[in-house]
Amino acid sequence: MEMRTGAPRASATRRWPPSVSLSKALETTERARGHLFSFHQLTGTADLELDRAVELLRAAGHHEWAERVEREILGRNVIPGHWTFQIVEAYDGRTTRRSRSWNARRWTGSRRAATTCSRRR
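First, a word on scope: everything that follows refers to the structure included in this document. Here the structure is a predicted model, which means the values were calculated and not measured.

## A closer look at the overall build of the chain
Helix and strand content of the chain: five helices and zero strands. Secondary structure elements in the chain, listed N-terminal to C-terminal, are α-α-α-α-α.

Below is the structure:
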């Protein structure tokens, strides 16, 4: 990975109205939630496929392999004590709901602040 040195990028020094930075941050929060949800779905799909693999291993007479996959991989929590849906729910509770609340307030009660900021430029 290349490290940048020297002067900051032009976009880092450009002055944006606060509403633009806030909007970008809130949109990024929604995207992050989407990635977490994808992670949850992909993990669930992998677990279902592992279950199928265990059945196929047993049917093919590979009982030791089936037992090992079932014991060591199948149905494991990705973070000890947490299922993937719990991770998504925790993110929703701590981050997504708050950012959505801020976004709603911004569009209903804060139009004056955005207008004021744009007038100052």
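Next, the rest of the story.
## Some remarks on the layout of surface pockets
Estimated volume of the largest pocket: approximately 230 Å³. Lining the largest pocket are 14 residues, and of these Thr 43, Gly 44, Asp 47, Arg 76 and Trp 83 sit closest to its centre. A per-element tally of the lining of the largest pocket places helix 2 (residues 18-59) first, with six residues. Split into classes, the residues belonging to the lining of the largest pocket amount to six nonpolar, six polar and two charged.

## Things to note about helix 2
For helix 2, with 42 residues, the first-to-last C-alpha span of 62 Å sits near the 62 Å given by 1.5 Å per residue. Among the residues of helix 2, Ser 23, Leu 26, Thr 29, Leu 36 and Val 54 are the ones counted as buried. Of the residues flanking the end of helix 2, it is Gly 61, one or two places downstream, whose phi is positive at about 90 degrees.

## What about the environment of Ala 53?
With respect to the helices, strands and loops of the structure, Ala 53 is situated in helix 2. We classify Ala 53 as partly exposed; its relative accessible area is 28%. Taking C-alpha positions, Ala 53 is 8.6 Å from Val 69, a pair spaced 16 residues apart along the chain.

## Quick look at a nonpolar patch on the surface
A cluster of nonpolar side chains, contributed by Phe 39, Val 78 and Ile 79, occupies part of the molecular surface with about 230 Å² of accessible area. Note on placement: Ile 79 falls in the loop between helix 3 (63-72) and helix 4 (84-108). Overall, Ile 79 belongs to the partly exposed group, its relative accessible area being 43%.

## Quick look at the packing of helix 2 against helix 3
For the pair helix 2 and helix 3, interaxial distance at closest approach is 7 Å and the crossing angle is 160 degrees. Viewed along their axes, helix 2 and helix 3 adopt a mutual orientation that is roughly antiparallel. In this structure, helix 2 crosses over helix 3, and the sense of that crossing is left-handed. Side by side, helix 2 and helix 3 meet where Leu 50, Val 54, Leu 57 and Arg 58 of the first sit next to His 63, Trp 65, Ala 66, Glu 67, Val 69 and Glu 70 of the second. Looking at the contact of helix 2 with helix 3 residue by residue, the class counts come to six nonpolar, one polar and three charged.

## Describing the pattern of salt bridges
Using the criterion set out here, one finds six salt bridges in the structure. Across the pair Arg 52 and Glu 49 runs a salt bridge, and its minimum N-O distance is 3.1 Å. With Arg 52 and Glu 49 both in helix 2 and three residues apart, the pair spans about one turn of that helix. Of the charged contacts, one joins Glu 72 and Arg 68 as a salt bridge, the two residues approaching to 3.3 Å between their closest N and O atoms. Residue Glu 72 and its partner Arg 68 are both found in helix 3; the two are separated by four residues, about one turn of the helix. Salt bridges linked by common partners bring Arg 58, Glu 67 and Glu 70 together as one network.

The rules we used
Residues numbered from 1 in each chain as written. Predicted model: local features only at pLDDT ≥ 70, side-chain atom pairs only at ≥ 80, totals over all residues. Heavy atoms only, no water. Helix = DSSP H or I, 4+ residues; strand = E, 2+ residues; numbered from the N terminus. 1 Å grid on protein atoms, 1.4 Å probe; cavity = no way out; pocket = protein on both sides within 12 Å on 5 of 7 lines; lining within 4 Å. Points joined across faces, edges and corners; volume = space filled by probe spheres on them. Nonpolar A, V, L, I, M, F, W, Y, C, P; charged D, E, K, R; others polar. Expected span 1.5 Å × (residues − 1). Buried < 20%, exposed > 50% of the residue type's maximum accessible area, 1.4 Å probe, protein only. Patch = residues over 30% accessible without salt bridge, like charges linked within 9 Å, V, L, I, M, F, W, Y side chains within 5 Å. Areas by Shrake-Rupley, 256 points an atom, 1.4 Å probe, with all protein chains shown as cover. Salt bridge = Lys/Arg side-chain N within 4 Å of Asp/Glu carboxyl O. Axes fitted to C-alpha atoms, helices over the stretch in contact; angles between N-to-C directions. Parallel < 35°, antiparallel > 145°, perpendicular 65-115°, else oblique. Left-handed = near helix turned anticlockwise from the far one by under 90°. Contact = heavy atoms within 4.5 Å.

Honestly, that's just the spatial picture; any functional story needs more than this.
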